[in-house]
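Working through the structure, step by step
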Amino acid sequence: MSLLVVGLSHRSAPVSVLERASLSADAKVKLLHDTLAAEPAAEAAVLATCNRIELYADVDKFHAGVAELSTLLAQHSGVALEELTPYLYVHYEDRAVHHLFSVACGLDSMVVGEGQILGQIKDALALGQELHTAGRLINDLFQQALRVGKRAHSETGIDRAGQSLVTFGLEQLAVHLPVDVWAKDKRALVIGAGSMSSLAAATLARVGVAEVVVANRTAERAERLVEILVASGTGVVARSVPMASVVDELTRVDVVVSCTGATGLVLTGEDVAAAVEGPAGLVASPPLPDYRGSAPDPAPQTPAGLDVAGAGLADAEVVARLVAAAAAGVRLADGGVARTIVPGTGERDGCPVEVPAGDGRAALTGVDANSLELHGTWADQGEAAAQRQPRRGARSQVDVAPVRLALLDLAMPRDIDAAVHRIPGVRLVDIESLAEASADAPMAADVDAVRGIVAEEVAAFGAAQRAAHITPTVVALRAMAAEVVAMEVARLDGRLPDLDERQRAEVTQTVRRVVDKLLHAPTVRVKQLASEPGGAGYAEALRELFDLDPQTVASVSRADAADKNDDSGRAS
């Protein structure tokens, strides 16, 4: 077996490259024909989805095969080779088998455990069979990949990983509450109407939200999802809106779940900031007094040492609001990240700026603008770490303030600007934060179980292929032995013409038994040895030792491959 795969996927390349490298139906056909026309490849198949393009081939030379397959992918995808090369990955022999089996089980998908890939693998095999580019190796490989994928779904809960992703994301948004308690009577906006968005909408309806609004580029799909939700019996109110209305809907909902195939951001920081009625910059919660009017309380004075020289009126007002907020002990949002200055506590441990103990005003007294910026950067880093690793059981400083808008971004690449986590009153959970927080999630056990299945199946497939590789040689050896027996029996007939039929049959049978017994142990042992790693050389040794005709071995291989192809065609 000399299986080689060259490809790129969402794990190796940005979406912009994947989009440009997509293959049309005609391009797939041309790519397969050109691959077989290339010298290193004997058979081939192409697996092309919205998230991956992979070319599988049986090659006789590794380096020449990599160069040829990479060039062909570049030519037919329309992306220049020098631009495509940094994003390509290469797998060979057992690693290539391991890769396809992992793909078939959904381990390499954007949404772990999704089952759609099995249909795409089946389509890739069918195209190879139709074009006669799939030989024995490709047929065996893809057929086994389909069986491994089905086994993973039947023996483990890997197909629930996608559902777990939605549920786990909602748990991260709920933080300290059960999801059904947190979701009760909330209004939700679901952006997208694909499989993951539909699952999210159904989950939200099940956990008790009062209303689900669906926005999608294709109005018909959004309306269809709404019909399903209404008919679900959960009592949820559902309606659809065009994508152009998403920003307006943000002001009316409490929860947003987004999972689209968009190449750019669906929700920007400005969109979300406007929806929660505050700029994306400095915001205080709870609202501070408006010092610009004629309120009886005078605006607080700027602390000594806080340099605002050259700042405009708006900047001076910001400083005044910061000071008043600190004096009141309220949460501040410097640069958009909500936090509380608590002098004299361990919360400032590690800060590069020494903030004296005292009340809020005293905490800022004598701190210049550069030091305040350093303090803000330190606090930002702590806030980001806290959001990346949400704590269960204990509520963090971030969780104390009420959340005005909860956002769950299940898209890859992201639909929602990551900077929205800096907006007070907004909580964002995305794929990256879920991946960091899901090490102990229930789906992890299923993933580990599937990885065990893949490893087991790869070893079995490799052994079977290596054993199959020597089979034509063993068949040719036995054919040669049978021919020798026939020649010797004919020679015996000439020397002993008086033998009757019974005697002649007994002699013939005896000779055949002797030959079979002599060949039995070596042929069984050579198959065992050939199935082990590094056992490919035993077939060649057998051919050399018995001086077998290479053409005879080749003819047996061709006949075996033809039978395999016929069986594969019937099986699919």
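It should be noted that the structure appears before, not after, this text.
Summary of the structure given here. No experiment lies behind these values; they were computed from the predicted model shown. The residue numbering used here restarts from 1 in each chain and proceeds along that chain's sequence as written. Owing to the predicted nature of the model, reporting of local features is limited to residues with pLDDT of at least 70; listing and counting of side-chain atom pairs is limited to 80 or more, with chain, interface and lining totals taken over all residues. Hydrogens and water are ignored here; the side-chain numbers use all heavy atoms of the structure.

Structural notes on helix 7 (residues 136-155)
- By the criteria applied, helices consist of DSSP H or I runs no shorter than four residues and strands consist of E runs no shorter than two, each listed in order from the N terminus. Multiplying 1.5 Å by the residue count of a helix minus one yields the expected span of that helix. With 20 residues, helix 7 extends 28 Å between its outermost C-alpha atoms, agreeing within 8% with the 28 Å of an ideal straight helix rising 1.5 Å per residue.
- For every residue, the accessible area obtained with a 1.4 Å probe (protein chains only) is divided by the maximum for its type, and the residue is called buried under 20%, exposed over 50%, and partly exposed between those limits. Of all 20 residues that make up helix 7, 16 are buried, and the element is covered over most of its length.

Points about the sheet that holds strand 1 (residues 3-9)
- Here a strand pair is declared whenever DSSP counts at least two bridges between the two strands. The strand order across the open sheet formed by four strands is 2-3-1-4, and the pairing between neighbours is antiparallel. Of all the strands in the sheet, just strand 2 (41-48) and strand 4 (89-92) have a single pairing partner and so form its edges. With strand direction ignored, the average angle separating the axes of adjacent strands in the sheet is 15 degrees.
- Here strand 1 pairs with strand 4 via four bridges, running antiparallel. Bridge pairing in strand 4 places Val6 opposite Val90.
- Contacts: residue pairs with any heavy atoms within 4.5 Å of one another. Only the stretch in contact is used when a helix axis is fitted, and all axes are lines through C-alpha atoms; the angle between N-to-C directions ranges over 0 to 180 degrees. The sheet contacts of helix 2 (residues 25-37) involve strand 2 and strand 3 (52-59), and relative to strand 2 the element is tilted by about 160 degrees.

A short note on the sheet that holds strand 8 (residues 255-258)
- Pairing within the open sheet is parallel, and its six strands lie in the order 7-6-5-8-11-12. Edge strands, defined here as strands with exactly one partner in the open sheet, are strand 7 (237-241) and strand 12 (426-430). Geometrically, the sheet is characterised by an average inter-axis angle of 15 degrees between neighbouring strands, direction not taken into account.
- Of the strand pairs in this sheet, strand 5 (residues 187-191) and strand 8 are connected by four bridges, and their pairing is parallel. Across the sheet, residue Ala188 finds its bridge partner in strand 8, namely Val255.

Overview of the pattern of salt bridges
- Between Lys or Arg on one side and Asp or Glu on the other, a salt bridge is scored when a side-chain nitrogen of the former is within 4 Å of a carboxyl oxygen of the latter. The full count for this structure, using the stated rule, is 20 salt bridges.
- Arg451 is the partner of Asp448 in a salt bridge, and the nearest nitrogen-oxygen pair spans 3.6 Å. One end of the pair, Asp448, and the other, Arg451, are both in helix 19 (residues 442-495), three residues apart, so they sit about a helical turn from each other.
- You can call Asp448 partly exposed: its relative accessible area is 48%.

Comments concerning helix 5 (residues 94-104)
- The buried fraction of helix 5 is high, at eight of eleven residues.
- Those residues of helix 5 lying buried are Ala96, Val97, His99, Leu100, Phe101, Ser102, Val103 and Ala104.
- Positioned one or two residues after helix 5, Gly106 has a phi angle of 85 degrees, which is positive.

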